[in-house]
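# Coordinate analysis (summary)
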Amino acid sequence: MSDALSCPVTGATGPLPEYPLPRASECPLAPAPVAQELRDEKPITKVRIWNGSTPWLVTRHADQRALLPDSRVSDDDLDPGFPYVNAHRAEIAPVTPRLITNTDAPEHTRLRRTVNGPFVVKRIEKMREPVQRIVDELIDGMLAGPNPADLLTAFALPVPSLVIAELLGVPYADHDFFQRSSSLVLDGSAAPEEARKASGALAAYLDNLLRLKTADPDDDVLSEMAGRVQAGEMTHTEAVHMGVAMLIAGHETTATMISLGTLALLQHPDQLALLRETDDPKLVANAVDEVLRYLSIVQTGVRRVAKDDIEIGDVVIRKGDGIIFDLHAANWDPEVFPEAERLDITRPARIHQAFGYGPHQCLGQNLARLELQVVYGTLYRRIPTLRLDAAIEELEFDHTGTTYGVHSLPVAW
């Protein structure tokens, strides 16, 4: 793979760049060249999105850190200026329940408090042993199975699916259903009717599970939410849709980080060797944050709208203006991460924004970090000869969803 410095910066065409910005095919893991150019020359600028509206694009790390926690920057997707990802998101916004993904304080604070407990560091850390068991069993299965194999289906997707199923209290036997439905909900190229049906099916599924947990609670997140519903702290509908959101986010993004992270490390054998040979959990944890920084898999940007005029630098973002934060461009900001195009697992990378920043920072980040620490600290040590079984140019990248990834990752050992 070419390094990012050799990627051509094509520049924007037309009066305004179209967002999302195209990636360079020879640098599939790097931020879009135009995003990097804008970050260096016009870090807060207007772009044009699918419906012809022109929100602001924020690409610099410092500007994102200043704006994302600002109470004037809103997550309210019912605001007319909100820059929806696509037509389907715009269509369903008026009928989507108010959740932590589309509300501001104080409503956001109340809802976040109802689901925050299971995801705090101390509780997540107790899952390390069960996650280790899941990872080891799946690697055992890989080693006993076909060689070469597709890492995505044999390992990357089952790991977080098993973990989130165990955490939430969802039967893993239903994983084909919830993986397929989740993919349709997130697929920007899917027909709106298909996405609606998939979303409805997931809601009906979680509604039934929540009722079962209410009648017969267990030691899992859905049972905990059922208790909160009974206590009047949240409504049944809120709990159902929160469960859907956690089920979707809990496996899709981590599966992508396992497969793309492995691809990135295989393209940087010196860094893979450091990770494979270490027994230092701090280096493994640091490696996870560096790979998160390097990849920043959310490709549609974090979407917000201004609730008041905001002056930042020499720009005034007006009330009602949409705002998009390109996380990948910020995570390759050379002012914060020198030689940002270089994957360096010894780099202090914790201040990356792959999980967003501010009050809406990813709820499941502690779980994702733990899963990736176990995977990155185990897979390459147990299969030291792991290699890519195709040229990177032959891989088919998937750009249809909220995150980018690969349709498959053929590996051999």
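An account of the accompanying structure is given in this report. Computed from a predicted structure; not experimentally measured.

Right, let's get into unusual backbone geometry. Here the amide bond leading from Tyr19 into Pro20 is cis, since omega sits at 5°, within 30 degrees of zero. A cis amide bond links Asn147 to the next residue, Pro148, at an omega of 15°. Structurally, Pro148 is set in the loop between helix H6 (128-144) and strand E4 (149-150). For Ser296, which is not a glycine, the phi torsion comes out positive at approximately 40°. Assignment of secondary structure puts Ser296 in the loop between helix H14 (281-295) and strand E5 (302-306). For Glu339, which is not glycine, the phi torsion reads 50° and is therefore positive. Examined against the element boundaries, Glu339 turns out to sit in the loop between helix H15 (327-331) and helix H16 (365-382).

Okay, helix H12 (residues 236-266) next. With 31 residues, H12 should cover 45 Å at 1.5 Å per step; its first-to-last C-alpha distance of 45 Å lies within 8% of that length. Where burial is concerned, most of H12 is hidden: 25 out of the 31 residues are buried.

Glancing now at the pairing of strand E8 (residues 322-325). Residues Gly322 and Ile324 point to one face of E8 and Ile323 and Phe325 to the other, with burial holding for every one of them. Here strand E2 (residues 56-58) pairs with E8 via three bridges, running parallel. Each bridged residue has a counterpart across the sheet, and for Val58 the counterpart in E8 is Phe325. With four bridges joining them, E5 and E8 adopt antiparallel strand pairing. Among the inter-strand pairings, Arg303 is bridged to a residue of E8, identified as Ile324.

Turning our attention to the packing of helix H4 (residues 107-116) against H12. At a closest axis distance of 12 Å, the pairing of H4 and H12 adopts a crossing angle of 70°. When the interaxial angle is binned, H4 and H12 end up roughly perpendicular. Residues Glu107, Arg110, Leu111 and Val115 of H4 pack against Glu238, Met242 and Met246 of H12. In the contact of H4 with H12, the residues fall into four nonpolar, no polar and three charged.

Next up on the list: the side chain of Asn102. Along the chain, Asn102 falls in the loop between helix H3 (87-92) and H4. Overall, the relative accessible area of 3% leaves Asn102 in the buried class. At 3.1 Å, the side chain of Asn102 and the backbone oxygen of Pro97 are in polar contact. Of the polar contacts made by the side chain of Asn102, one reaches the backbone nitrogen of Leu99; its length is 2.6 Å. Those residues in contact with Asn102, other than ones at most four positions away along the chain, are Asp75, Asp76, Asp77, Thr96 and Pro97.

As a packed pair, H6 and H16 sit with axes 10 Å apart at the nearest point and diverge in direction by 35°. With respect to the hand of their crossing, H6 and H16 are arranged in right-handed fashion. Only Leu370, Glu371, Gln373, Val374, Val375, Thr378, Leu379 and Arg382 of H16 make contact with H6, whose side of the interface consists of Arg128, Val131, Gln132, Val135, Asp136, Ile139, Asp140 and Leu143. Its residues assigned to classes, the contact of H6 with H16 shows eight nonpolar, three polar and five charged.

For the coordinates displayed, the defined rule picks out 26 salt bridges. For Arg98, the salt bridge goes to Asp77, with nearest N and O atoms at 3.0 Å. You can see Arg98 sitting in the loop between H3 and H4 and its partner Asp77 sitting in the loop between strand E3 (73-74) and H3, a full 21 residues away along the chain. As a salt-bridge pair, Arg342 and Glu339 come within 3.5 Å of each other at their nearest N and O atoms. Classification of Arg342 as partly exposed rests on a relative accessible area of 36%.

This paragraph deals with the packing of aromatic side chains. Each aromatic ring pair is specified by the distance between its two centres and by the angle formed by the two planes. Inspection of every chain in the model, using the stated rule, returns four aromatic pairs. Their ring planes at 55° and their centres at 5.4 Å tell us that Phe82 and Tyr84 sit as a pair that is tilted. Residue classification places Tyr84 among the buried residues on the basis of a relative accessible area of 13%. When the ring centre of Tyr404 is taken as origin, the NZ or CZ atom of Arg23, which lies over that ring, is 3.7 Å away. Against the face of Phe337 rests Arg293, its NZ or CZ located 5.3 Å from the ring centre.

What follows is about the environment of Glu290. Along the chain, the position of Glu290 falls in helix H14. In this structure, the C-alpha to C-alpha distance between Glu290 and Asn331, residues 41 residues apart in sequence, is 9.7 Å. Once residues lying within four places of it in the same chain are set aside, the contact partners of Glu290 are Arg342, Leu343, Asp344, Ile345, Arg347 and Ala349. Within the structure, Glu290 has its side chain in polar contact with the backbone nitrogen of Asp344 (distance 2.9 Å).

Cut-offs used in this document
Residues numbered from 1 in each chain as written. Predicted model: local features only at pLDDT ≥ 70, side-chain atom pairs only at ≥ 80, totals over all residues. Heavy atoms only, no water. Helix = DSSP H or I, 4+ residues; strand = E, 2+ residues; numbered from the N terminus. Expected span 1.5 Å × (residues − 1). Buried < 20%, exposed > 50% of the residue type's maximum accessible area, 1.4 Å probe, protein only. Pairing = 2+ DSSP bridges. Axes fitted to C-alpha atoms, helices over the stretch in contact; angles between N-to-C directions. Parallel < 35°, antiparallel > 145°, perpendicular 65-115°, else oblique. Contact = heavy atoms within 4.5 Å. Nonpolar A, V, L, I, M, F, W, Y, C, P; charged D, E, K, R; others polar. Polar contact = N/O pair within 3.5 Å; in protein donor to acceptor, adjacent residues only side chain to side chain. Left-handed = near helix turned anticlockwise from the far one by under 90°. Salt bridge = Lys/Arg side-chain N within 4 Å of Asp/Glu carboxyl O. Phe/Tyr/Trp six-rings, centres within 6.5 Å; stacked < 30°, edge-to-face > 60°. Lys NZ or Arg CZ within 6 Å of the ring centre and 35° of its normal.

No statement about biological role is implied by the geometric values presented.
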